[in-house]
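# Fold and geometry: a report
Chain by chain, the residues run as shown.
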Amino acid sequence: MATDACQKYIKDGKLTLSTGCINTSFIELNEASENAKIIQIINYKEDKNKKVGAFKAKIIDGAFAFHPVFFHESLAEQLVKDGIVNGAVNSENSPIIATYSLCPSNMAMESNRLPLMIKSYELLYTNCPALESEKSNLIKYSGDPEDHKGFDKTKITPVFIAVNGGVKTEKTEAPPTTISNPSIPIKVVAPLINKPIGMATRGAPPPMKTNSSGSSNQSFTPISAITPYASKWRIKGVVTSKEEMRTVKMKSGESKVFNFDVCDDKNSTIKCVAFGDVAERTYLVVQENQMLAISGCGVRQANKRFNNTGHEYELSINATSEVAPLKDGPVIVVQYELKNRVKLDELPRKVGESVDVLACIDKVNELNAFTSKNGGNFVKREVSLIDQTGVNINFVLWGDQAKNFPEHTEGQPLGIKGVFVKEFNGGLTLGTTGSTKYVLTPDVDGMAEMCEWYNNSRGTVQTQSLSTGNASEGSLGRDLRLLGTASALQLGRGEQVYMNVKGRIMSVKGETAIYKSCPSENCSKKVIENEDGYRCDKCNISGDKYKFTYMLQMEIADMTGQIWITMFGKNAEQFMGMTAEELAEIKNENPSEYEDIFHRLKFATRIFRIRAKSEVYNDEERIKYNAFTVDVPDYNKLNPILDTVIDRLNALPI
Ligand SMILES: [Zn+2]
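Everything numeric in this text was worked out from a predicted model, so none of it was measured. (Residues numbered from 1 in each chain as written. Predicted model: local features only at pLDDT ≥ 70, side-chain atom pairs only at ≥ 80, totals over all residues. Heavy atoms only, no water.)

The full count for this structure, using the stated rule, is 19 aromatic pairs. Geometrically, the ring pair formed by Phe 370 and Phe 378 is stacked, given 6.0 Å between the ring centres and 25° between the ring planes. Phe 378 gets classed as partly exposed once you look at its relative accessible area, which sits at 37%. When the centroid spacing of 5.9 Å and the interplanar angle of 35° are considered together, the rings of Tyr 498 and Phe 628 count as tilted. Taken together, the positions of Tyr 498 in strand E30 (residues 497-508) and Phe 628 in strand E38 (residues 620-631) put the pair 130 residues apart, joining distant regions of the chain. Phe 628 shares its class with Tyr 498; the two are buried. The ring centre of Phe 160 lies 4.6 Å from the NZ or CZ of Lys 14, which sits over that ring. Note that Lys 509 overlies the ring of Trp 564, its terminal NZ or CZ placed 4.9 Å from the centroid. (Phe/Tyr/Trp six-rings, centres within 6.5 Å; stacked < 30°, edge-to-face > 60°. Buried < 20%, exposed > 50% of the residue type's maximum accessible area, 1.4 Å probe, protein only. Helix = DSSP H or I, 4+ residues; strand = E, 2+ residues; numbered from the N terminus. Lys NZ or Arg CZ within 6 Å of the ring centre and 35° of its normal.)

Moving on: the sheet that holds strand E34 (residues 541-543). Sheet architecture is open: 3 strands sit in the order E32-E33-E34, paired in antiparallel fashion. The open sheet has two edge strands with one neighbour each: strand E32 (528-530) and E34. Direction aside, neighbouring strands of the sheet carry axes that sit 30° apart on average. Of the pairings in the sheet, the one linking E32 to strand E33 (residues 533-536) comprises 3 bridges and is antiparallel in character. (Pairing = 2+ DSSP bridges. Axes fitted to C-alpha atoms, helices over the stretch in contact; angles between N-to-C directions.)

Turning next to the coordination of the zinc ion. For the zinc ion, the full set of protein donor atoms is Cys 518 (SG), Cys 523 (SG), Cys 536 (SG) and Cys 539 (SG), and the range of their distances to it is 2.2 to 2.3 Å. Viewed at the metal, the 4 donor atoms of the zinc ion are separated by angles of 106 to 112°, and the geometry they form is tetrahedral. In the primary sequence, the donor residues of the zinc ion line up as C-x4-C-x12-C-x2-C. Classification of Cys 518 as buried rests on a relative accessible area of 0%. (Donors = N, O, S within 2.8 Å, 3.2 Å for Na, K, Ca; no water. Tetrahedral: all angles 85-135°; square planar, octahedral: opposite > 155°, others 65-115°.)

What follows is the structure, encoded as structure tokens:
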């Protein structure tokens, strides 16, 4: 199973081992190599001697096999988290990792042969069969490059695993999922409002003991005990959330994905994921509020972005897994809880995560219908929430959920389980995922206080909105970065990063600040001028019309470094104080004034809200900086932040 980190190493749907990198490591003797080395671990055990590192492995690179390889002791936690532990690595489960630090360790071994040491790595692929067995073409690497002088990696067929955007391609026709009643009709899951199906409020009878289930006398494993190392487990639980079937694009085409959550009588929940044919079959079997027995699935690390169960792992259902409805016996009653509750003023620290929220509805905005670029029709509704922290944020609903959200509910508390904190153009919103559940007036701790606060104090509280206005406000101190630090840490590599930079505008590319773009409403593609007029390759239209669009590039600097930033569309318009059309008119009618406009921008010190994101261009990875907002520094806000930093520095031991 490919991990998230794997995606950037996939080429043409393949994850390929770095042929001969073991040899390279012994030649380079470099602890921080320029290129990632992708290797597979085919054997692993804790080292009892603990002479070098605490963990000892055997690796292959597609050309060579080598041992011993040590993982540095500092990786102990990561190894456990990644399931690289004693007894877990075998020919069926040989993890693939990427490392920049594969290097011989200079500590002598009994055998006079230098071991390799790994000081950092990323897990790329789990539950992977060994790509080459030892008896195959692999050469045992001696540990001395002299012995392998004639090695030519171009003569070796690269060893790879086909990656299906997260799913291993398996061609074997597998027996059908154990299904007790495959004829259960597909039930359209109603949008969840008020009390979700399968959820009981407080005061309901306590969870029932269900060991005497008629379907099986076997004892069940608690969901909380599921780990990749638990052998022979079988769980029983109620389906608390059934997501709609989705189609996702993968490297090798489209695949169906189906997720559902199961909760046991100990109130532990785990997410189950199925792909392809298995997804379609499982979708028919699984119904909300139904008791299931599940066993024989893959266990993998939960992706916290999409998983709000609180469980460290999730289940990956395959063709031979058991997913069987339990007809007899009582249904587990699950209590509605907001285990991951965060206050609204803490949300800026939770961007990209799934959290639980309890807040009062401050305003239910009207339904907003619109047509997308592709011609799809959408409806959207924003519900403004507030809590005792005085912070407002918009909860964004789509489709039926938007339509069915009850209006005139201002002042009522809303509990939301598993809501996604999203940053877009510098503002924050709460978005739903397939497993988000919201409940009006939930019977949870803090609900009464919330109502009371709203009724008595809402009118007098000073509010701050995370969704509108300047969201960088709350983040000013949190995300303040020096350009030198941003470059040195390569912020934006891998995952995009938002940061605030206090910098000075050094130069502005006036000549290319605006360009002629496609006139279609949601398109800003540069048009090509030809004999037919203006052509947009994206919309595939030609005509005599175009519109001007901003692409403003500026060089900004602080005392530690400099970068080029780009501002597009409305953000640039706001910064320039005029539309691109207006600017184009000046360019046309008064070229010297046009130049002056950019000249006057120079040397101004501003606070920039910037997104650093890596982009691959001509096979080269670069970090691009997009600016969203540009503000005059407010020293009343900035100085206390700098004071805090100085205090912290002073407090450091010398
Ligand atoms: Zn276009």
